[in-house]
Amino acid sequence: MGLLSEAVESAQNSAGPVDIAAVRRYRSRFGAALSLEQQIAPPLGVFIRAGKASGNVEAYDFTDVDRTLAAGLSLQGSRWHRPDDTVGLAVINNGISAARESYLNAGGLGILVGDGKLPHAAPEQIIETYYSAAVWKFIHLSLDYQWINHPAYNRDRGPVSVVAVRLHAQL
């Protein structure tokens, strides 16, 4: 039995909040991912990525995602005389396992998700677009926009917009 199942069972037996400390211990989280990328034309590329991870172990290192599917396009800036720039668009569908859903609904908290209940679970759906500008040959500045439907796997939340600025330096 996984950590999440033990915590849910503990909460159901006590009719109180999940006591994760009672069952917490380090465990490996197994998973697999597949990533395919293809150049369609010299400036245009496409990608598709899929991943699945065991959903019965508390996530502590990255995210609460147990399964993901993403697809997207990227276009180099040679058409507008900026060959080192890139514009991209992606769609992402993230989901959680039944065990993680039960755990969160019983009051469990994830590394990024959890506010005491998850009454209306739904996949997290994201549309992301970005523009990466080459400031110098070794420094890129990116502007990023994400539209997230059902953030934190809850149909009652969102949609929300997230705007980000990234600076990437490679020496």
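Residues numbered from 1 in each chain as written. Predicted model: local features only at pLDDT ≥ 70, side-chain atom pairs only at ≥ 80, totals over all residues. Heavy atoms only, no water.

Draft legend 1. Local environment of the layout of surface pockets. One number sums up the size of the largest pocket: a volume of about 670 Å³. Broken down by secondary-structure element, the contributors of at least two residues to the lining of the largest pocket are strand 1 (31-41), strand 2 (44-53), strand 3 (67-77), strand 4 (82-95) and strand 5 (124-136). Looking at the lining of the largest pocket, its residues break down into 14 nonpolar, 7 polar and 11 charged. Counted as a void, the second largest pocket has a volume near 460 Å³. Along the walls of the second largest pocket sit 23 residues, with Phe47, Arg49, Ala70, Ala90 and Tyr130 positioned nearest its centre. Counting residues per element, the ones that place at least two in the lining of the second largest pocket are strand 1, strand 2, strand 3, strand 4 and strand 5. At 6 residues, the largest contribution of residues to the lining of the second largest pocket is made by strand 2. (1 Å grid on protein atoms, 1.4 Å probe; cavity = no way out; pocket = protein on both sides within 12 Å on 5 of 7 lines; lining within 4 Å. Points joined across faces, edges and corners; volume = space filled by probe spheres on them. Helix = DSSP H or I, 4+ residues; strand = E, 2+ residues; numbered from the N terminus. Nonpolar A, V, L, I, M, F, W, Y, C, P; charged D, E, K, R; others polar.)

Draft legend 2. Fine view of the pairing of strand 3. Bridging between strand 2 and strand 3 involves 9 bridges; their strand directions are antiparallel. The residue of strand 3 that forms the bridge with Gly45 is Ser74. In sequence, strand 3 turns back onto strand 4 through a hairpin of 4 residues, with His81 there showing a positive phi of about 60°. (Pairing = 2+ DSSP bridges.)

Draft legend 3. Broad picture of the pattern of salt bridges. Applying the stated criterion to the full structure yields 6 salt bridges. Linking Asp66 and Arg100 is a salt bridge whose minimum nitrogen-to-oxygen distance equals 2.8 Å. Taken as a pair, Asp66 in the loop between strand 2 and strand 3 and Arg100 in helix 2 (residues 98-105) lie far apart in primary sequence, 34 residues in all. For the residue pair Asp66 and Arg100, the accessibility class agrees, reading buried in each case. (Salt bridge = Lys/Arg side-chain N within 4 Å of Asp/Glu carboxyl O. Buried < 20%, exposed > 50% of the residue type's maximum accessible area, 1.4 Å probe, protein only.)

Keep in mind these numbers describe shape, not what the thing actually does.
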